[in-house]
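Results of the structural survey
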Amino acid sequence: MTPGIDRPVDKYLQPVLNTENVLKLAVFGINLRGGVTLSDVEGKIEATWEENRRLALHADRLGLDAIVPVARWRGYGGRANLGDRSFETFTWAAGLLAATRRIQVFATFHVPLAHPVLAAKMVTTADHVSGGRFGLNIVAGWYAAELQMFGLTQKDHDERYQVADEWTQALKQLWTLEGEHDFRGKHFDIPAGVLEPKPLQKPYPVIMNAGTSPTGRAFAAKHSDLIFAGLTTFETAAQQIAEIKQLARNEYGREIRVFGRGHVVCRDTQREAEEYYDYVHRQAADLEGAANITGLSRQHSQSTDWTMDERKILEGMVAGFWGIPMVGTPEQVTQKMIDLHEAGADGIALSWVDYDEGLAQMERRILPMLVQAGLRSPVSEL
């Protein structure tokens, strides 16, 4: 049941942080035309409201834990021009939260685009709309051409996280302290800052970020409840996850959840799955668009392992923004999810070429096996 007005909600009892499902599952990127697949093929999402609402309701009915968007203001170019059509994530999240019953919906938000007082109020509003199911994905900002659209200049990498650190501290103060309080920082000066109502989630809404650089990891260790780590292979995942969790414990005495990302291609046979993966992510791949993104990432981000072979880097970009490929039969895909959990991942954000097809496969084939494996609970009726 949705709580009554101003009834507090313990955020640790909400889907991405509670103990109902051992392995948390999220849907990633449905607010972008094309999702996160850089390929010009049939079946990709178009980023219409009717479509997004339908996918959100399906994920909610399946008992999935979260929906996480990608915040984009312009496309990446290339044949697919991924990101040229997208929904703004705060208003999008509020709309989906009003339509759903139990799933958490995140807004992905670039720190430079809003003052902390405005952002704190937006978060609070969405949290009340949902009865306490809103989540905030904080992005320090890296796509310089987007920032230029707002009249802003890109800051150096580490300075971006210094701003984000202060911005987040200001939000937490506004969310938790009663009455008026000054906030004095290097980047923000808030005289007599006040916020009412407060968020329903206590002590404040779920925070996540996806920083993979040392500075990004340090920000997550200090502020985030969960981090979308840049896990690119099963072989390196366990070490990466262990390092992130140890950093949060050692430096801040905090426990942090680590989510990986999986790009799923599921078919009845392994051969069919591999052939479809090859067609979408190699033969029909938008390599120009992928090269544009990797070029921008080289310049402005530290979230990618550039020691990999260039062909592998581009293919990884095409296949779900460097999500771990989960290709095979339903049994094989399920096992890959289990393997990632056994490497230490608390959750996985999933993407597909065709999200309707992917959610149907989850419902019929994959979720029952995850329940049998003890990683998911059976879904109760709404």
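**Notes on the overall build of the protein chain**
Regarding its fold elements, the protein chain presents 12 helices and 13 strands. Across the protein chain, the fraction of contacts at a sequence separation of at least 24, relative to all contacts at a separation of at least 6, is 76%. Across the protein chain, the centroid of the 40 positively charged side chains sits 2 Å from that of the 49 negatively charged ones.

**Regarding the pattern of salt bridges**
Evaluation of the coordinates by the stated rule reveals 20 salt bridges. Arg249 is the partner of Glu255 in a salt bridge, and the nearest nitrogen-oxygen pair spans 2.8 Å. A relative accessible area of 54% places Glu255 in the exposed class. Classification of Arg249 as partly exposed rests on a relative accessible area of 36%. Arg271 is paired through a salt bridge with Glu275; the nearest N and O atoms lie 3.0 Å apart. Taken as a pair, Arg271 and Glu275 lie in helix α8 (residues 270–283) at a separation of four residues, close to a single helical turn. Arg271 sits in the exposed class, given a relative accessible area of 62%.

**Some thoughts on the packing of helix α1 (residues 49–61) against helix α2 (residues 89–99)**
At a minimum axis distance of 10 Å, the contact between α1 and α2 shows a crossing angle of 50°. Considering the angle they form, α1 stands oblique to α2. For the pair α1 and α2, the crossing hand works out as right-handed. Residues Trp49, Asn52, Arg53, Ala56 and Leu57 of α1 touch α2, and the partners they reach there are Trp92, Gly95, Leu96 and Ala99. Class assignment of the residues belonging to the contact of α1 with α2 gives a composition of six nonpolar, two polar and one charged.

**Some details on the pairing of strand β5 (residues 134–139)**
With six of six residues buried, β5 is to be regarded as a mostly interior element. A two-sided burial pattern is seen for β5, the buried positions comprising Phe134, Leu136 and Ile138 on one face and Gly135, Asn137 and Val139 on the other. Pairing of strand β4 (residues 104–110) with β5 involves six bridges; the strand directions are parallel. Bridge assignment links Ala107 to a residue of β5, and that residue is Leu136. With respect to chirality, the unit in which β4 leads through helix α3 (residues 116–130) into the neighbouring parallel β5 is right-handed. Sheet topology note: the β5/strand β9 (residues 206–209) ladder contains four bridges and is parallel. When the bridges of β9 are listed, Asn137 appears paired with Met208.

**Topic: the pairing of strand β11 (residues 257–266)**
Across the 10 residues of β11, nine count as buried, placing the element largely inside the fold. Read from strand β10 (residues 226–228) through helix α7 (residues 234–252) to β11, the crossover connection turns out right-handed. Sheet topology places β11 next to strand β13 (residues 347–351); five bridges connect them, and they run parallel. From the neighbouring strand, Gly260 faces β13, where its bridge partner is Ile348.

**Things to note about a nonpolar patch on the surface**
On the surface, a nonpolar cluster with roughly 300 Å² of combined accessible area is contributed by Trp73, Met149 and Phe150. By the element assignment, Phe150 lies in the loop between α4 (144–149) and α5 (157–176).

**Quick word on the nonpolar core**
Soluble globular proteins tend to bury their nonpolar side chains together. In terms of nonpolar packing, the biggest core is built from 107 residues, with Leu136 and Met337 touching the most fellow members. Looking at this core, the element that brings in the most residues is α5, giving eight residues. Val265, Ala273, Tyr277 and Ala319 belong to the second largest nonpolar core, which has five residues in total.

**Things to note about the environment of Leu367**
Secondary-structure assignment places Leu367 in helix α12 (residues 355–372). Note on Leu367: relative accessible area 9%, which makes it buried. Between the alpha carbons of Leu367 and Leu113 there is a distance of 38 Å; along the sequence they are 254 residues apart. The residues touching Leu367, leaving out its near neighbours within four places in the chain, are Leu25, Leu62, Leu64, Met362 and Arg376.

**Structural notes on the side chain of Arg133**
Mapped onto the elements, Arg133 comes out in the loop between α3 and β5. Despite being buried, Arg133 has no salt bridge partner; Asp60 is the closest side chain of opposite charge, sitting 5.4 Å away. A polar atom in the side chain of Arg133 sits 3.4 Å from the backbone oxygen of Arg101. Arg133 has contacts with Gln14, Leu97, Thr100, Arg101, Arg102, Ile103, Gln104, Val105, Asp127 and Gln201, leaving out every residue within four places of it along the chain.

The rules behind each value
Here the residue index of a chain counts from 1 through its sequence in written order. Side-chain atom pairs in this predicted model are given and counted only at pLDDT of 80 or more, local residue features only at pLDDT of at least 70, and totals for whole chains, interfaces and linings cover all residues. Note that the side-chain values use all heavy atoms of the structure and ignore hydrogens as well as water. Helix numbers and strand numbers start at the N terminus; a helix is a DSSP run of H or I with at least 4 residues, a strand a run of E with at least 2. The criterion used for residue contact is that any of the two residues' heavy atoms lie within 4.5 Å. When charges are tallied, Lys and Arg are placed among the positive residues and Asp and Glu among the negative ones, while His and the ends of the chain are skipped. Where a charge lies is defined by one atom per residue type, namely NZ (Lys), CZ (Arg), CG (Asp) and CD (Glu). Salt bridge criterion: a side-chain nitrogen from Lys or Arg within 4 Å of a carboxyl oxygen from Asp or Glu. Partly exposed describes any residue whose relative accessible area lies between the buried limit of under 20% and the exposed limit of over 50%, with all areas from a 1.4 Å probe on protein chains only and scaled to the type maximum. To get an axis, fit a line to the C-alpha atoms, keeping to the stretch in contact for a helix; angles then go from 0 to 180 degrees between the N-to-C directions. Working rule for angles: under 35 degrees goes down as roughly parallel, over 145 as roughly antiparallel, 65 to 115 as roughly perpendicular, anything else as oblique. By definition, any crossing whose near helix is turned counterclockwise from its far helix by less than a right angle is left-handed, and any crossing with a clockwise turn is right-handed. Polar here means any residue other than Ala, Val, Leu, Ile, Met, Phe, Trp, Tyr, Cys and Pro, which are nonpolar, and Asp, Glu, Lys and Arg, which are charged; Gly is therefore polar. DSSP-based pairing: two strands are paired if at least 2 bridges between them are found. For crossovers, right-handed means that the path from the first strand over the helix to the second runs clockwise, given strands pointing away from the viewer. Like-charged residues are merged into a patch within 9 Å and nonpolar side chains (Val, Leu, Ile, Met, Phe, Trp, Tyr) within 5 Å, provided each residue has over 30% relative accessible area and no salt bridge. Here the Shrake-Rupley method, with its probe set to 1.4 Å, supplies the accessible areas, and only the displayed protein chains count as covering residues. In these notes, a set of buried Ala, Val, Leu, Ile, Met, Phe, Trp, Tyr and Cys residues joined through side-chain atoms within 4.5 Å is what counts as a nonpolar core. Counted as a polar contact is a pair of N or O atoms within 3.5 Å, where, for protein atoms, one must be capable of donating a hydrogen and the other of accepting one, and residues adjacent in sequence contribute only when both atoms are in side chains.

In short, shape yes, function no, at least from these values alone.
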